[in-house]
Amino acid sequence: MIHPEWRPAFHAAPAQGWLNDPNGLCFFKGSYHAFYQYTRDWPASNLRSWGHAVSEDLLAWRELPAALDPSIPEDRTGVYSGCAWISPEGRMNLYYTGNVIYEGGYDRIHEGREANGILVVSEDGLVFSEKRVLLRNADYPGTCTLHVRDPKVWEHDGSLWMVLGAREQGDRGQALVFRSDDGISWKHHRTIRSREPFGYMWECPNVGVLAGREFIALCPQGLPSEELRRHNHWHAGYVVLDGRVIDTDTLDETRFREWDFGWDFYAPQIFTDERGRTILIGWMGTFDKGRTSAPDGLPWCHCLTLARELALADDGGILQRPVCELESKRGAALALDGTRVLADHLADIELVGMDAAGALVLDGSLAISFEGDLLSVSFSHPDVGAGRVSRTVKLPAPARDARVVIDRSCVEIYLDGGETVFSTRWFPVAGELSVALSVPCTRATVWPLEA
Ligand code: FRU
């Protein structure tokens with residue numbers, strides 16, 4: 001049975017069709033733009049376009065017509081992921097990968113595939129120029145297979161820089177750095193490799209700066225899962241660097257940290273807004289088999305995460321917290337002592353000073369449990385979890401503080417100021433939200449959120 005109330009209020013999702021990676025995130029002429037990998041005719045098709053949503057507050061997203069569809073030979077089997085770079089003249093430049101898969105018996109790694117670097121320009125963020133092909137496979141280093149994609153462009157010291165994810169011959173992930181003076185003509189500058197092999201392909205590389213420290217985000221495919229971390233099929237994380245991305249040849253993969261330990265997180269993108277905040281939005285979904293984020297009959301599949309503001313932690317990690325705009329949606333605070341019932345599945349919960357084992361249980365069916373330095377998230381019934389059952393994650397230390405945001409079918413858990421984050425979809429059937437707490441804490445509060 002489909003519940004209209006599964007549609008989130010603060011997480012961007014298309015009315016119809018499939019969504020994956022966020023693309024082209026930016027603040028442009030007064031609005032936030034979130035493009036995303038989009039297949040309108042899902043599940044019949046998997047041809048990717050760029051869907052498009054805009055927002056004034058990073059919370060209420062208005063869906064616009066798809067911005068970019070496959071339309072030229074160089075992107076005929078998919079307008080793949082990419083970024084926005086706003087020029088000093090105030091133009092929105094969208095760089096993306098035109099995916100081309102050849103018919104026939106190719107392995108599509110060494111033959112039978114193209115990855116084209118394409119530029120589209122917009123004056124207003126609504127009307128997009130002709131497509132201009134800037135890079136083809138022959139422009140990438142000869143050490144690469146045909147898997148090269150997901151450009152991220154930024155400006156630094158008067159030059160433009162682009163980082164691309166790639167799969168090297170011999171199946172090692174790497175990132176390519178290109179340089180340009182004009183945003184049109186690009187030259188290979190260097191290749192970033194890990195010390196030891198670290199997955200066979202790095203998707204969606206991104207860069208950012210926090211308190212003067214640069215970091216690189218990447219999504220390695222092919223890392224083995226472990227008992228208490230790296231559970232998903234593919235992983236999304238970051239490495240805070242000692243120097244600059246553009247000077248880096250070797251990445252210390254032992255410093256790789258996962259952004260989010262939940263079932264539903266991949267391919268985040270990072271941008272800086274007009275207030276100077278570094279903001280991350282991820283894909284709140286998964287390609288993992290058996291985790292159906294669209295129960296039968298739901299016409300849309302997956303959404304983006306909440307917008308999260310990033311900050312550098314004292315230990316060199318990165319903290320994430322929902323942008324402060326969310327707090328303006330809070331209704332009257334209710335002390336959480338035992339069980340509370342709210343009219344809708346919209347809530348912001350804060351637990352402060354947790355000092356023993358216990359659980360926060362939503363609707364009697366989703367348990368968020370703490371014991372020592374372990375966090376467990378479990379569903380009582382597979383239908384509520386849509387294929388998810390239970391997962392346990394090791395924390396750096398026993399959690400002291402937790403924030404849990406429930407936006408209908410989305411749950412995001414932030415521990416200890418956003419040091420550890422866990423995102424999952426769920427599909428509750430009750431009309432009301434019940435919240436039951438058995439963790440001893442110094443303060444526990446729940447705010448109903450107003451859509
Ligand atoms: C990551 C990814 C990207 C690619 C896009 C295609 O989820 O595989 O590498 O550009 O999705 O939809």
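Residues numbered from 1 in each chain as written. Predicted model: local features only at pLDDT ≥ 70, side-chain atom pairs only at ≥ 80, totals over all residues. Heavy atoms only, no water.

1. Things to note about the nonpolar core
Reasoning step 1: Residues Phe215, Trp259, Leu310 and Ile318 are the most contacted members of the largest nonpolar core, which totals 45 residues.
Reasoning step 2: The residues that make up this core include at least three from each of domain 1 (11–324) and domain 2 (326–448).
Reasoning step 3: When near neighbours in sequence (up to four residues on either side) are disregarded, Ile318 contacts Leu210, Phe215, Tyr238, Val240, Trp259, Leu310, Ala311, Ala313 and Gly418.
Reasoning step 4: Ranked by size, the runner-up nonpolar core spans 34 residues in total, among them Leu342, Leu360, Val411 and Phe422. (Core = buried A, V, L, I, M, F, W, Y, C linked by side-chain atoms within 4.5 Å. Buried < 20%, exposed > 50% of the residue type's maximum accessible area, 1.4 Å probe, protein only. Domains from an automatic or database assignment. Contact = heavy atoms within 4.5 Å.)

2. Description of the domain arrangement of the chain
Reasoning step 1: Each assigned domain of the chain is listed here: domain 1 (11–324) and domain 2 (326–448).
Reasoning step 2: One C-alpha centre belongs to domain 1, the other to domain 2, and the line joining them spans 29 Å.
Reasoning step 3: Every contact between the two is made by 35 residues of domain 1 and, on the other side, 35 residues of domain 2.
Reasoning step 4: Between domain 1 and domain 2 lies a buried interface of about 2800 Å² when both sides are counted; carbon and sulfur atoms form 56% of it.
Reasoning step 5: The largest contributions to the domain 1 side of the interface with domain 2 come from Leu228, Phe261 and Trp263, which together make up 26% of the buried area.
Reasoning step 6: Applying the counting criterion to the domain 1 and domain 2 interface returns two salt bridges.
Reasoning step 7: Ionic pairing is found between Asp264 and Arg388, a salt bridge with its closest N-O pair at 2.6 Å. (Buried area = accessible area lost by both parts, 1.4 Å probe. Salt bridge = Lys/Arg side-chain N within 4 Å of Asp/Glu carboxyl O.)

3. Quick look at the pattern of salt bridges
Reasoning step 1: This structure, assessed with the given rule, holds 32 salt bridges.
Reasoning step 2: Arg277 is paired through a salt bridge with Asp273; the nearest N and O atoms lie 2.9 Å apart. This pair shows no difference in class: Arg277 is buried, exactly as Asp273 is.
Reasoning step 3: Through salt bridges that share partners, Glu327, Arg330, Asp348, Glu350 and Arg403 make up one connected network.

4. Overview of the sheet that holds strand S29 (residues 374–379)
Hydrogen bonds along the backbone pair up the strands of a sheet, which may run parallel or antiparallel.
Reasoning step 1: Within the open sheet, the six strands sit side by side as S25-S34-S27-S28-S29-S30. Their pairing is antiparallel. Both edges of this open sheet fall to strand S25 (339–342) and strand S30 (390–394), since each of them pairs with a single strand only. Between one strand axis and the next, the sheet turns through 15 degrees on average, direction left out of account.
Reasoning step 2: Direction of pairing for strand S27 (residues 358–362) relative to strand S28 (residues 366–371): antiparallel, over a ladder of five bridges. Looking across to S28, one finds that Gly358 is bridged to Phe370. (Pairing = 2+ DSSP bridges. Helix = DSSP H or I, 4+ residues; strand = E, 2+ residues; numbered from the N terminus. Axes fitted to C-alpha atoms, helices over the stretch in contact; angles between N-to-C directions.)

5. With respect to unusual backbone geometry
Reasoning step 1: Following Trp42, the chain continues to Pro43 via a peptide bond in cis, the omega torsion being 5 degrees.
Reasoning step 2: As for its position among the elements, Pro43 is in the loop between strand S2 (31–39) and strand S3 (49–55).
Reasoning step 3: The phi dihedral of Leu58 is positive, around 65 degrees, even though this residue is not glycine.
Reasoning step 4: Mapped onto the secondary structure, Leu58 falls in the loop between S3 and strand S4 (62–68).
Reasoning step 5: Under the relative-accessibility criterion, Leu58 is labelled buried at 0%.
Reasoning step 6: For Asp157, which is not glycine, the phi dihedral falls at a positive 50 degrees.
Reasoning step 7: Checked against the element boundaries, Asp157 lands in the loop between strand S9 (144–156) and strand S10 (159–168).

6. Digging into the side chain of Arg403
Reasoning step 1: With respect to the secondary-structure elements, Arg403 resides in strand S31 (residues 402–407).
Reasoning step 2: Looking at Arg403, its side chain comes within polar contact range of the side chain of Asp348, at 2.7 Å.
Reasoning step 3: If we skip the residues at most four places from it in the chain, Arg403 touches Pro322, Leu326, Glu327, Arg330, Asp348, Ile349, Glu350, Glu412, Ile413 and Tyr414. (Polar contact = N/O pair within 3.5 Å; in protein donor to acceptor, adjacent residues only side chain to side chain.)

7. As for the sheet that holds strand S13 (residues 201–210)
Reasoning step 1: One open sheet accounts for four strands, arranged S13-S14-S15-S17; its pairing is antiparallel. At either end of the open sheet lies a strand with only one pairing partner, and these are S13 and strand S17 (257–258).

8. Digging into the site of the ligand
Reasoning step 1: All residues adjacent to the ligand are Asn20, Asp21, Gln37, Arg48, Tyr80, Ser81, Arg149, Asp150, Glu203, Cys204, Tyr266 and Phe287.
Reasoning step 2: Contact distances for the ligand include 3.1 Å between an oxygen atom and a side-chain N or O atom of Asn20.
Reasoning step 3: Between an oxygen atom of the ligand and a side-chain N or O atom of Asp150, the distance comes to 2.6 Å.
Reasoning step 4: Out of a free accessible area of 320 Å², the ligand has 94% covered by protein chains.
Reasoning step 5: Elements with a minimum of two residues in the shell around the ligand: strand S1 (17–28), strand S5 (79–86), S9 and S13. (Near = heavy atom within 4 Å. Areas by Shrake-Rupley, 256 points an atom, 1.4 Å probe, with all protein chains shown as cover.)

9. Here we look at the pairing of strand S33 (residues 420–425)
Look at any regular strand and the pattern is simple: side chains alternate between the two faces of the sheet.
Reasoning step 1: Counted residue by residue, S33 has six buried out of six residues, so it is predominantly covered.
Reasoning step 2: Residue alternation in S33 divides its side chains into two sets, Thr420, Phe422 and Thr424 and Val421, Ser423 and Arg425, and both sets are buried.
Reasoning step 3: Looking at chain direction, strand S32 (residues 410–415) and S33 are connected through six bridges and run antiparallel. If you follow Tyr414 over to S33, its bridge partner there is Val421.
Reasoning step 4: In this structure, the hairpin formed by S32 and S33 is closed by a connection of four residues, where Asp416 is found at a positive phi of approximately 50 degrees.

10. Things to note about the pairing of S9
Reasoning step 1: For S9, the tally of buried residues reaches 12 of 13 residues, placing the bulk of the element in the interior.
Reasoning step 2: Remark: two residues form the turn of the hairpin made by S9 and S10, two consecutive strands paired antiparallel; Asp157 in that turn has positive phi of roughly 50 degrees.

11. Some details on the state of the cysteines
Covalent bonding between the sulfur atoms of two cysteines defines a disulfide.
Reasoning step 1: Within the structure shown, the criterion is met by zero disulfides.
Reasoning step 2: Between Cys204, a free cysteine, and Cys219, which holds the nearest cysteine sulfur, the sulfur-to-sulfur gap is 5.1 Å.
Reasoning step 3: What makes Cys204 buried here is its relative accessible area of 8%. (Disulfide = S-S within 2.5 Å.)

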